[in-house]
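Structural overview for review
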Amino acid sequence: MTVDLAMELCGVRFATPVLSASGTFGYGLETAAVLDPADLGGVVTKGISPLPRKGNPPPRICETAAGMLNSIGLENPGVEWFADEKMPPLRAAGATVVANFFGDDPDEYVSCAAALDKIDGVAALELNISCPNVAHGGMQYGTDPRLAGRLVSACRAVTTKPLWAKLTPNVTDIVAVARACVEAGADALSLINTLSGIGINVRTRRPRLGNLFGGLSGPAIKPVALRMVHQVYAAGLGVPLVGIGGITTGEDALEFILAGASLVQVGTATFSEPTAMLRITDELRQWCRELGAERVGDLVGTLKV
Ligand SMILES: Cc1cc2nc3c(=O)[nH]c(=O)nc-3n(C[C@H](O)[C@H](O)[C@H](O)COP(=O)(O)O)c2cc1C
């Protein structure tokens, strides 16, 4: 039985529902020797800001039980560099590119959205209002429905490309933030970013991360992410969802799809297995066959509760 894995989201066609998660796959070309970015549903870039940023002091990552903590601090060379250096090879490779972006303040967010809007080959924008590792990583917007809505609507005004808002799990009411983003014009919602956490080295009595605080990702966060995707899907906001959090197998991906995600992103799994997304895609195809689904899209939100 052939299975159609293609998904269309806000007018953009994704060859498969499996995309890279921002910040865990560079700009999609670093591992080109082992993984053709065109074989993925899409490449979600490392977070881009209007100007270059240095990021946080090292160490910036450490392992945890069933996951990792990171405090990269949104290091990146800026939007101009992205347009000049990274987009030409990504276009040539035929990759479907979603540009993840942020700013230090609302003006920076808006100027970055406006700059990305003009870049040929950027299929959609993912607005990061959810980084827990820096003072201005957007989480101050992502935890307040009113501020989140204002930021989405300001970015909405400067781009005609599909605008996805990426939500933080570090809230008590994910649906309130999701609703505010949709009412302000978000075309899709990505969830979740990392959970705020710290690690401690008991010998040195020092934090494991140079920044003290980091973001927890990997299999440990999957149940939280699934719960939030389910809650937002059940709220019936009328926009597609992109599920993220601890996806390591095709079965994990399918769990998110059943909970209501139209696409999924894979992050931490890529660190130990750079080609994990291809394996996950194959496993997902196999699961569709097993469930008798000719189109993966038919399974979206079919969780029986
Ligand atoms: C090292 C690292 C860097 C990240 N950088 C970003 C980023 O720049 N922008 C963003 O929106 N999310 C960023 N994230 C969050 C991931 O995109 C993803 O939401 C999170 O890791 C959960 O997925 P996972 O459990 O599959 O890793 C980063 C995660 C990691 C581990």
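Relevant structure appears above.
Residues numbered from 1 in each chain as written. Predicted model: local features only at pLDDT ≥ 70, side-chain atom pairs only at ≥ 80, totals over all residues.

This paragraph deals with the site of the ligand. In the vicinity of the ligand there are 25 residues, among which Gly23, Gly47, Ser217, Gly267 and Thr268 approach most closely. Its residues assigned to classes, the shell around the ligand comprises 8 nonpolar, 15 polar and 2 charged. (Near = placed C-beta within 6 Å. Nonpolar A, V, L, I, M, F, W, Y, C, P; charged D, E, K, R; others polar.)

This next bit is on the sheet that holds strand β14 (residues 214–217). Ordered in space as β5-β6-β14-β11, the 4 strands form an open sheet in which the pairing is antiparallel. Two strands lie at the open edges of the sheet, namely β5 (61–64) and β11 (195–197), each paired on one side alone. When the angles between neighbouring strand axes are averaged without regard to direction, this sheet yields 35°. (Pairing = 2+ DSSP bridges. Helix = DSSP H or I, 4+ residues; strand = E, 2+ residues; numbered from the N terminus. Axes fitted to C-alpha atoms, helices over the stretch in contact; angles between N-to-C directions.)

Further remarks concern helix α6 (residues 222–234). For α6, with 13 residues, the first-to-last C-alpha span of 18 Å sits near the 18 Å given by 1.5 Å per residue. Of all the residues in α6, the buried ones are Lys222, Ala225, Leu226, Met228, Val229, His230, Val232 and Tyr233. Buried residues along α6 sit against α5 (174–183), β10 (188–191), β15 (241–244), α7 (250–259) and β16 (261–266). One or two steps after α6, the chain reaches Gly236, where phi turns positive at roughly 60°. (Expected span 1.5 Å × (residues − 1). Buried ≥ 20, exposed ≤ 12 C-beta atoms within 10 Å, placed from the backbone. Contact = placed C-beta atoms within 7 Å.)

The element strand β8 (residues 122–128) is extensively covered by neighbouring structure, given that 6 of its 7 residues are classed as buried. Pairing of strand β7 (residues 97–101) with β8, which is carried by 5 bridges, proceeds in the parallel orientation. If you follow Val98 over to β8, its bridge partner there is Ala124. Handedness of the β-α-β unit built from β7, helix α2 (residues 106–117) and β8 comes out right-handed. (Right-handed = clockwise from strand over helix to strand, strands pointing away.)

So, about unusual backbone geometry. Note the cis peptide between Pro58 and Pro59, where omega equals -10°. In this fold, Pro59 is placed in the loop between β4 (43–44) and β5. In this structure, the amide linkage connecting Leu191 to the following residue, Ile192, adopts the cis form with an omega of 20°. Non-glycine residue Cys10 carries a positive phi angle of around 50°. Position of Cys10 relative to the elements: it lies in the loop between β1 (7–9) and β2 (12–14). Note on Cys10: 15 C-beta atoms within 10 Å, which makes it partly exposed. In this structure, Leu212 takes a positive phi of about 65° despite not being glycine. Mapped onto the fold, Leu212 is located in the loop between β13 (206–207) and β14. By the C-beta count within 10 Å, which is 14 here, Leu212 ends up partly exposed.

A few words now on the sheet that holds β8. Sheet architecture is open: 8 strands sit in the order β3-β16-β15-β10-β9-β8-β7-β4, paired in parallel fashion. Of all the strands in the sheet, the pair left with one neighbour each is β3 (18–20) and β4. Of the pairings in the sheet, the one linking β15 to β16 comprises 4 bridges and is parallel in character. Residue Gly243 lies in a different strand from β16, and its bridge partner there is Val264. α2 rests against β7 and β8 of the sheet, and its axis sits at about 165° to β7.

Attention now goes to the nonpolar core. Nonpolar side chains tend to gather and get buried jointly when the protein is soluble and globular. Among the nonpolar cores identified, the biggest contains 93 residues, and Trp164, Cys181, Ala186, Leu189, Leu191, Val229 and Val264 are the most heavily contacted of them. For Leu191, the residues in contact, after removing those within four places along its chain, are Leu167, Ala225, Met228, Val229, Val232, Leu241 and Ile244. (Core = buried A, V, L, I, M, F, W, Y, C linked by C-beta atoms within 7 Å.)

What follows is about the environment of Ser49. Note on placement: Ser49 falls in the loop between β4 and β5. Placed 28 residues apart in sequence, Ser49 and Pro77 show a C-alpha to C-alpha distance of 8.0 Å.

A word on the packing of α2 against helix α4 (residues 145–156). Viewed as axis vectors pointing N to C, α2 and α4 meet at an angle of 35°, and their least axial separation amounts to 9 Å. Like other packed secondary-structure pairs, α2 and α4 cross with a definite hand, here right-handed. Note on element contacts: α4 touches α2 through Leu151, Ala154 and Cys155, opposite Pro106, Tyr109, Val110 and Ala113. In the contact of α2 with α4, the residues fall into 7 nonpolar, no polar and no charged. (Left-handed = near helix turned anticlockwise from the far one by under 90°.)

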